[in-house]
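# A look at the structure
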Amino acid sequence: MDESVRDVGTSYSSRVLRSEDEARRLSVTNVGDSVSEQDVTQINRFVARTDFANEALVVVQTAVPSPKYRIEFDFFNRIGKTTQMTLHIEETNESGSESGISTGLVKIPADYADAIEITVVDVGGAYTDDLLRTITTFLPTNETLVESINVGPSNERLNTELGIPGGALLTNADLASKFVPDDSTYTKFLQETSFGSSYILAVQATMPNSGYYLFPQTIETGGNELRVRIRQQNFGGGLNAEFNHLLLARIPSASPPENGTATVRTHDVDETIISTQTIPLSNDPDAWDQT
């Protein structure tokens, strides 16, 4: 459906439609009719009922390796004047091996559409191994803000350099090599980081069950200090036991911070805030494990 994601050359893309004229360009010619959620009549009715005087239609797309995966809307919230929208890739019962595009349509108030950040969480594991899940936060159309991976869940400490909870700032390749063992499942993510123009935020924490994922919501830097707000969100379906989780987030910056704090807020599926904790961050390996 509306294959604009192929035009931008990335795995994700998004557009904001603000008028009936823009919505008419939304092609449904490639929508299959074998899945109820993809019924063309329902899609056309959903778009036609958009009140563009008061609403905007956000189109979010992701490339998927097979019909087994699709994108699903979770929630949006406002932080200041920014609308933050979160969706996830889920695994379905569909069969087939041909790659494709999954599209989500979300209506929001028109005055919420001026500044939007979109986060896509690969809960279904469309592109990663069992212990890794990717999370991408971007601006429409496809400007990447933060690339993250979640490692886990695990009953063990996923990184022995960090406490639980614990945080680190990996601001150069030497620090990254001290942080990650050679045989780690997430070594590649750090090796692909250009430390001259970005750094890695690492946070290790405990989650209430295996259905939770960590991702940065707000990032503020003042001088050499970082203040980051991290959302630990329950996407449901997890085993009901505590597990450890490791977040690695690649953040663009030519002048990385040396220390800071990460405020981790844990949200249940119904948006209830379960807990909040503050974790110190440092680029000094001696400060990584304070447990």
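As shown above, the structure is provided for reference.
Let us look at the structure shown here. (Residues numbered from 1 in each chain as written. Predicted model: local features only at pLDDT ≥ 70, side-chain atom pairs only at ≥ 80, totals over all residues. Heavy atoms only, no water.)

## Comments concerning the sheet that holds strand β5 (residues 100–109)
Rules: Between any two strands, pairing holds if DSSP finds at least two bridges. Secondary structure elements are taken from DSSP: a helix is a run of H or I of four residues or more, a strand is a run of E of two residues or more, and numbering for both begins at the N terminus. Between N-to-C directions, angles span 0 to 180 degrees; the directions come from axes that are lines fitted to C-alpha atoms, helices contributing only their stretch in contact. Note on definitions: a residue-residue contact is assigned when non-hydrogen atoms from the two residues lie within 4.5 Å.
In space, the three strands of this open sheet follow the order β1-β2-β5, with antiparallel pairing throughout. Each edge of the open sheet carries a strand with a single partner, namely β1 (12–17) and β5. Sheet twist, expressed as the average angle between the axes of neighbouring strands with direction ignored, equals 20 degrees. Sitting on the sheet, helix α3 (residues 40–48) touches β2 (55–64) and β5, and the angle it makes with β5 is about 30 degrees.

## Concerning the nonpolar core
Applied cut-off: We define a nonpolar core as any set of buried Ala, Val, Leu, Ile, Met, Phe, Trp, Tyr and Cys residues linked to one another through side-chain atoms lying within 4.5 Å. Each residue is assigned to one of three classes by its accessible area relative to the maximum for its type, calculated with a 1.4 Å probe on protein chains only: buried under 20%, partly exposed between the two thresholds, exposed over 50%.
Formed by 20 residues in total, the largest nonpolar core has its most connected members in L170, F179, Y186, L190 and L248. Counting only elements with at least two residues in this core, the list comes to β8 (143–154), β9 (166–170), α4 (173–179), α5 (187–191), β10 (198–207) and β13 (243–252). Sorting elements by how many residues they give to this core places α4 first, with three residues.

## So, unusual backbone geometry
Of the consecutive residues P140 and T141, the connecting peptide bond is found in the cis state with omega at 10 degrees. Structurally, T141 is set in the loop between β7 (132–139) and β8. The peptide bond linking G152 to P153 adopts the cis configuration, its omega dihedral lying at 5 degrees. Of note, the phi angle at E271 is positive, near 75 degrees, even though the residue is not glycine. Along the polypeptide, E271 turns up in the loop between β14 (259–267) and β15 (273–282).

## Topic: the sheet that holds strand β12 (residues 225–234)
Ordered by their spatial adjacency, four strands build an open sheet running β11-β12-β14-β15, and the pairing between neighbours is mixed. Strands at the two margins of the open sheet, each flanked by one partner only, are β11 (212–222) and β15. Sheet twist, expressed as the mean angle between neighbouring strand axes with direction ignored, is 20 degrees. Two strands pair when backbone bridges link them, and β11 and β12 are joined in this way by 10 bridges, in the antiparallel orientation. Bridge assignment links G222 to a residue of β12, and that residue is E225.

## A look at the packing of aromatic side chains
Quick reminder of the rule: Any two of the Phe, Tyr and Trp rings considered here, Trp counted by its six-membered ring, make a pair once their centres fall within 6.5 Å; the pair's planes then place it as stacked at under 30 degrees, edge-to-face at over 60, or tilted in between. Counting as a charge over the ring demands two things of the Lys NZ or Arg CZ atom: a distance within 6 Å of the ring centre and an angle within 35 degrees of the ring normal.
Throughout the structure, instances matching the rule amount to four aromatic pairs. On the basis of an interplanar angle of 15 degrees and a centroid distance of 6.0 Å, the ring pair of Y12 and F138 is categorised as stacked. Here Y12, found in strand β1, pairs with F138, found in strand β7; they are 126 residues apart in sequence, far enough to count as distant. With a relative accessible area of 10%, Y12 lands in the buried category. Directly above the ring of Y112 sits R78, whose terminal nitrogen or CZ lies 4.2 Å from the centroid.

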